[in-house]
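An overview of the molecular structure
Listed below are the residues making up each chain.
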Amino acid sequence: MNPSQPARLVVLISGTGRNLQALIDAAERDDLHARIVLVISNRPGVQGLARAEAAGIATQTIDHRDYPTREAFDQVLGDAIAAVEPDIVALAGFMRILTAEFIRRFEGRMLNIHPSLLPKYRGLQTHRRALEAADHWHGASIHFVTEELDGGPVVLQGRIAVEPTDTEETLARRVMENVELQIYPAAVRWMADGRLRLRDHVAWLDDTQLQTPALWPLEESTEDSPTP
Ligand code: GRF
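Report on the accompanying structure. (Residues numbered from 1 in each chain as written. Predicted model: local features only at pLDDT ≥ 70, side-chain atom pairs only at ≥ 80, totals over all residues. Heavy atoms only, no water.)

1. Focus on the pairing of strand β9 (residues 202-205)
Note the cut-off: To sort residues, take the accessible area from a 1.4 Å probe on protein chains only and compare it with the maximum for the residue type: under 20% means buried, over 50% means exposed, and anything in between is partly exposed. To qualify as a helix, a DSSP run of H or I must reach at least 4 residues; to qualify as a strand, a run of E must reach at least 2; elements of each kind are numbered from the N terminus. When DSSP finds two or more bridges between a pair of strands, those strands are recorded as paired.
Where burial is concerned, the two faces of β9 differ: the one with Ala 203 and Leu 205 is buried and the one with Val 202 and Trp 204 is not. In the sheet, strand β8 (residues 196-199) pairs with β9 via 4 bridges, with the strands oriented antiparallel. Bridge pairing in β9 places Arg 199 opposite Val 202. If you look at the hairpin formed by β8 and β9, you'll find 2 residues sitting between the two strands, and Asp 200 has a positive phi there, around 50°. Of the pairings in the sheet, the one linking β9 to strand β10 (residues 208-209) comprises 2 bridges and is antiparallel in character. Bridge pairing links Trp 204 to Gln 209 in β10.

2. Quick look at unusual backbone geometry
With an omega of 10°, the peptide bond between Leu 118 and Pro 119 qualifies as cis. Position of Pro 119 among the secondary structure elements: in the loop between β5 (110-114) and α5 (126-132). In the segment running from Trp 216 into Pro 217, the intervening peptide bond is cis, with an omega of -5°. The backbone of His 33 shows a phi angle near 60°, a positive value even though the residue is not glycine. Judged by relative accessible area, His 33 falls into the partly exposed class, the value being 34%. Here the phi dihedral of Ala 134 falls at roughly 55°; this positive angle occurs in a residue that is not glycine. Relative to the elements of secondary structure, Ala 134 occurs in the loop between α5 and β6 (137-144).

As structure tokens, this is what we get:
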């Protein structure tokens with residue numbers, strides 16, 4: 001990363017793009033310390049693409065159905081990403097399982113957001129599973145993408161209390177609004193600032209090994225904090 005330039009960020013999406021929008025908004029506020037240079041969707045015509053276009057960001061659609069194998073798709077996807085030389089690749093609701101070869105290409109630069117308190121509930125239907133288990137807490141996690149599905153080192157989590165009246169929909173909405181949209185820009189900024197790193201399969205924030213994920217809201221003092 002060149003410290004005099006904002007980090008170059010590629011965002012991969014498959015759908016609505018609310019997390020993408022949070023990254024766009026943070027970048028526009030100069031809060032992300034990164035420039036979104038490309039948004040790629042594996043599904044044509046999704047709302048996330050329209051959000052990127054409205055913000056003047058380059059987009060590409062690479063429809064996985066046009067490729068005979070997962071490997072063929074991942075090769076084309078990886079080449080499109082590599083072509084814009086990103087410092088960070090953010091999966092934001094990107095609903096494809098990636099091959100080990102693809103992941104190795106971008107390992108250490110690639111983050112994902114997952115709507116559960118990992119290691120709980122890898123995979124799909126996370127809100128339903130949290131309700132069925134009568135969990136008191138639920139939330140979302142940002143993790144480095146490694147070859148294990150939803151299994152790379154978790155770097156940042158935010159949680160909310162599950163209410164007795166919660167349904168899958170109300171829980172999903174609160175996790176999105178109160179957690180997901182807050183934590184992704186924060187984690188991307190850590191990466192952009194060179195503070196967050198993956199070394200030997202372990203996440204480091206500044207000089208600290210993240211044995212457990214950082215918790216949102218963060219209590220760290222930043223340079224922007226007013227001096228007393
Ligand atoms: C989010 O809940 C994300 O955590 C999950 O898929 C959803 C994507 O939503 N992986 P959006 O596209 O960001 O609106």
